[in-house]
Amino acid sequence: MRNIAIFLRYEGTAYHGWQMQQGLATVQETLAKAVAMVVGHKTHVAGCGRTDAGVHAKCYVANFHTESTIPAERLPYALNTHLPADIVVTKAMEVSADFNAVGSCVRKEYTYILYNSRVRDPFYVNRAWFYPKHLDEKIMAEAAAQFVGTHDFAAVRSVGTDVKSTIRTVYYYDVERRGEKIFLRVCANGFLYNMARAMAGTVVYAAEGKIAPGDIRAILDSGNRTAAGPTVPPGGLYMTGIWYDRGEDCFFCQDGF
């Protein structure tokens, strides 16, 4: 039995997130159907994370087991003939038998995009959060820096998924303005439910003057979700990186803006 890792990109507007849900269109179900058609049997397709409804991925990793002998390098072309235009497989490779797309990853990166302009751009609808009030990216960067390190992130999570611990390590949280777009790029060893979107909302709160950047550490220590910023809309969030560094499965996928 071969274990195949596939790399893909998707525009998530039409989907209710990654995870399969009865009666709803999801990326996992759409991909699983394409895999079954190509390899000739049903198989579980495991993904590297549960992206929410409307969230996108410029870089995403999934894996499945199969007895098919189709060469890995031919799988992307075969799968893409059975996938809609908003999901594309870019690469496939054989991995060790115990590799699991979510369990084997050591860090992930998400990028959130704000379209910070007085006038809306229709080409960024569902792809960035339109925010007409000017935001000071220097204050946002100061606020984002407060999240770096190992902390309890319960104050920036939504209830919905049980986890053993809410402690995570954030390796970097960068803020960059390019014209009317602001990019918030955060990398951690794992993310809680809605954590990236709540962190972005908290950074925006700081730019609005509702909290001071220096307050964020105290908010994290309090574990009080209502003290942090809001969970921002999903359309501006993209998975942009995932790293694996275990045994023979040492590789990464990163695709930024």
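Everything that follows concerns the structure shown earlier in this document.
Residues numbered from 1 in each chain as written. Predicted model: local features only at pLDDT ≥ 70, side-chain atom pairs only at ≥ 80, totals over all residues. Heavy atoms only, no water.

**Let's talk about the nonpolar core**
Counting 77 residues, the largest nonpolar core has Ile-6, Leu-8, Leu-31, Leu-114 and Met-140 as the members making the most contacts within it. Of the residues forming this core, the biggest block, nine residues, is contributed by helix α4 (residues 195–208). Beyond its immediate stretch of four places on either side in the chain, Leu-31 contacts Ile-6, Leu-8, Trp-18, Val-45, Ala-62, Leu-83 and Val-89. (Core = buried A, V, L, I, M, F, W, Y, C linked by side-chain atoms within 4.5 Å. Buried < 20%, exposed > 50% of the residue type's maximum accessible area, 1.4 Å probe, protein only. Helix = DSSP H or I, 4+ residues; strand = E, 2+ residues; numbered from the N terminus. Contact = heavy atoms within 4.5 Å.)

**Side note on the packing of aromatic side chains**
What the rule picks out here adds up to 14 aromatic pairs. Geometrically, the ring pair formed by Phe-147 and Phe-153 is stacked, given 6.4 Å between the ring centres and 25° between the ring planes. No difference in accessibility class separates Phe-147 from Phe-153, as the two residues are buried. Looking at Arg-107, its charged tip hangs above the ring of Tyr-171, at a distance of 3.8 Å from the centre. The residue whose ring lies beneath Arg-178 is Phe-183, and the NZ or CZ to ring-centre distance is 4.3 Å. (Phe/Tyr/Trp six-rings, centres within 6.5 Å; stacked < 30°, edge-to-face > 60°. Lys NZ or Arg CZ within 6 Å of the ring centre and 35° of its normal.)

**Details of the pattern of salt bridges**
Within the structure shown, the criterion is met by 11 salt bridges. Close ionic contact of Asp-255 with Lys-58 constitutes a salt bridge, the shortest N to O distance being 3.8 Å. Here Asp-255, found in the segment after β11 (249–254), pairs with Lys-58, found in strand β3 (residues 56–66); they are 197 residues apart in sequence, far enough to count as distant. Asp-255 sits in the partly exposed class, given a relative accessible area of 24%. Between Glu-109 and Arg-185 there is a salt bridge whose closest N-O contact spans 3.1 Å. One end of the pair, Glu-109, is in strand β5 (residues 105–115); the other, Arg-185, is in strand β9 (residues 181–188), with 76 residues separating them in the sequence. Residues joined by salt bridges that share partners form a network here, namely Arg-9, Lys-58 and Asp-255. (Salt bridge = Lys/Arg side-chain N within 4 Å of Asp/Glu carboxyl O.)

**Points about the environment of Arg-74**
Of note, Arg-74 is situated in the loop between β3 and α2 (75–80). Here Arg-74 falls in the exposed class, since its relative accessible area comes to 54%. Taking the C-alpha atoms as reference, Arg-74 lies 17 Å from Ile-87; in sequence the two are 13 residues apart.

**What about the environment of Tyr-77?**
Tracing the backbone through its elements, the reader meets Tyr-77 in helix α2. For Tyr-77, a relative accessible area of 65% gives the class exposed. A C-alpha to C-alpha distance of 9.9 Å links Tyr-77 and Ala-92, two positions 15 residues apart in sequence.

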